[in-house]
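# Tertiary structure, described
Here is what each chain is made of, one letter per residue.
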Amino acid sequence: MNVLIADDHELLAEAVAQSLSRNEGLSAVVATSLAGTMDELSSNEYDIVLLDLRMPGMMGLSSVESVLKRAPGVNVVLFSGQIDRRFLDDAVKLGVKGYIPKSMPLKSLDVSLRLIYSGQTFIPHHQPQESQLNASNLTSEPLVERELFVLRLAADGMINKEIARDLGISEAQVKMIMRQVCQKLGARNRAHACVVSRERMLI
């Protein structure tokens, strides 16, 4: 069983790789960015990819989908310290084979990977909690590209006037877009929307 550990926390990734490689019939390689992961998947054959969601190049579900498309038939597993349950559900619908928390003991990791290798989807018994969203205001409608762009600029600290200038629209239009974003995310305000969007790996 060949495992690709896609994680930019090199000390952790190398420790996991060394631990896994001690098991008979199992080898592990580390990639530290999305670009490096894609190169590895193009050059070598892997059975499982442990995919960190916060390494350089990762942009939420779109990046997860890119990895799945680059390696059809490979078991892609989310590998993260914490994860939003809604994001996990969406990723599994795309074809992800489960979630392994970075807090999992190394001695349990080998067993989990072998379950995944056998064709099962693995999600720990203590599943990640729902984000603290206002469910009464939340819609299932996804953010469109312009809404995501405005959200990213807001998360970078830009004020409405600066966002409007960058997009060539009015401040009133920026405010309207942010209201739509808050409604879709169930967020109380733009600051909360930025927090929620990061939890859901949208930006």
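A short tour of the structure in this document, coming up. Since the model is a prediction, treat every value here as computed from it, not as a measurement.

Thresholds, definitions, all that
Residues numbered from 1 in each chain as written. Predicted model: local features only at pLDDT ≥ 70, side-chain atom pairs only at ≥ 80, totals over all residues. Heavy atoms only, no water. Helix = DSSP H or I, 4+ residues; strand = E, 2+ residues; numbered from the N terminus. Buried < 20%, exposed > 50% of the residue type's maximum accessible area, 1.4 Å probe, protein only. Contact = heavy atoms within 4.5 Å. Areas by Shrake-Rupley, 256 points an atom, 1.4 Å probe, with all protein chains shown as cover. Axes fitted to C-alpha atoms, helices over the stretch in contact; angles between N-to-C directions. Parallel < 35°, antiparallel > 145°, perpendicular 65-115°, else oblique. Nonpolar A, V, L, I, M, F, W, Y, C, P; charged D, E, K, R; others polar. Pairing = 2+ DSSP bridges. Core = buried A, V, L, I, M, F, W, Y, C linked by side-chain atoms within 4.5 Å. Right-handed = clockwise from strand over helix to strand, strands pointing away. Left-handed = near helix turned anticlockwise from the far one by under 90°. Polar contact = N/O pair within 3.5 Å; in protein donor to acceptor, adjacent residues only side chain to side chain.

### Overview of the overall build of the protein chain
A tally of regular secondary structure across the protein chain gives nine helices and five strands. Written out in order from the N terminus, the α and β elements of the protein chain read β-α-β-α-β-α-β-α-β-α-α-α-α-α. Along the first, second and third principal axes, the C-alpha set of the protein chain runs to 60 × 35 × 30 Å. Sorting the 203 residues of the protein chain into buried and exposed places 45% on the buried side. For the protein chain, restricting intrachain contacts to residue pairs at least 6 apart in sequence, the fraction spanning at least 24 positions comes to 63%. Of the accessible surface of the protein chain, which amounts to about 10,700 Å², a share of 49% is contributed by carbon and sulfur atoms.

### Describing the packing of helix α6 (residues 145–155) against helix α8 (residues 171–185)
Interhelical geometry of α6 versus α8 gives an angle of 100° and a closest axis separation of 10 Å. On the basis of their axis angle, the class for α6 and α8 is roughly perpendicular. Taking contact as the criterion, the partners of R146, E147, V150, L151 and A154 in α6 are, on α8, V174, I177, M178, Q180, V181, K184 and L185. Of the residues belonging to the contact of α6 with α8, the class tally is eight nonpolar, one polar and three charged.

### Examining the environment of S103
Tracing the chain through its elements places S103 in the loop between β5 (99–101) and α5 (106–117). Along the chain, S103 and F79 lie 24 residues apart, while their C-alpha atoms are 9.8 Å from each other.

### Digging into α6
Among all positions in α6, only E147, L148, V150, L151, L153, A154 and A155 are buried. Looking one or two residues beyond α6, the residue adopting positive phi is G157, at roughly 100°.

### A word on the sheet that holds strand β3 (residues 48–51)
Judged by pairing direction, the sheet is parallel, and its five strands sit side by side in the order β2-β1-β3-β4-β5 without closing on themselves. Strands at the two margins of the open sheet, each flanked by one partner only, are β2 (27–31) and β5. The sheet shows a mean angle of 25° between the axes of neighbouring strands, direction not considered. Both strand β1 (residues 2–6) and β2 contribute to a ladder of five bridges, which runs parallel. Bridged to L4 within β2 is V29.

### Things to note about the nonpolar core
In this structure, V49, L51, V64 and L78 are the most contacted members of the largest nonpolar core, which totals 25 residues. When residues of this core are traced back to their parent elements, those giving at least two are β1, α2 (34–43), β3, α3 (61–70), β4 (75–80) and α4 (85–94). For L78, the contacting residues outside a window of four places in its chain are L51, L53, V64, I83, F87, L88, A91, V96, G98, Y99 and I100. If you look at the next biggest cluster of nonpolar residues, it comprises 21 residues, including L148, M178, A187 and V196.

### Examining the pairing of β3
Neither face of β3 is open: one carries I48 and L50, the other V49 and L51, and all of them are buried. Pairing of β1 with β3, which is carried by four bridges, proceeds in the parallel orientation. If you follow V3 over to β3, its bridge partner there is I48. For the crossover that starts at β3, traverses α3 and ends in the parallel β4, the hand is right-handed.

### Focus: the packing of helix α1 (residues 10–21) against α5
For any two helices packed against each other, the geometry comes down to the angle between their axes and how far apart the axes lie. Where α1 contacts α5, the axes come no closer than 10 Å and their chain directions differ by 65°. Relative to α5, α1 is oriented roughly perpendicular. Here α1 runs over α5; the crossing is right-handed. Taking contact as the criterion, the partners of V16, S19 and L20 in α1 are, on α5, L106, L109, D110 and L113. Considering only residue class, the contact of α1 with α5 consists of five nonpolar, one polar and one charged.

### Here's the deal with the side chain of H192
In this fold, H192 is placed in helix α9 (residues 190–199). Judged by relative accessible area, H192 falls into the buried class, the value being 10%. Looking at H192, its side chain comes within polar contact range of the main-chain nitrogen of R188, at 3.0 Å.

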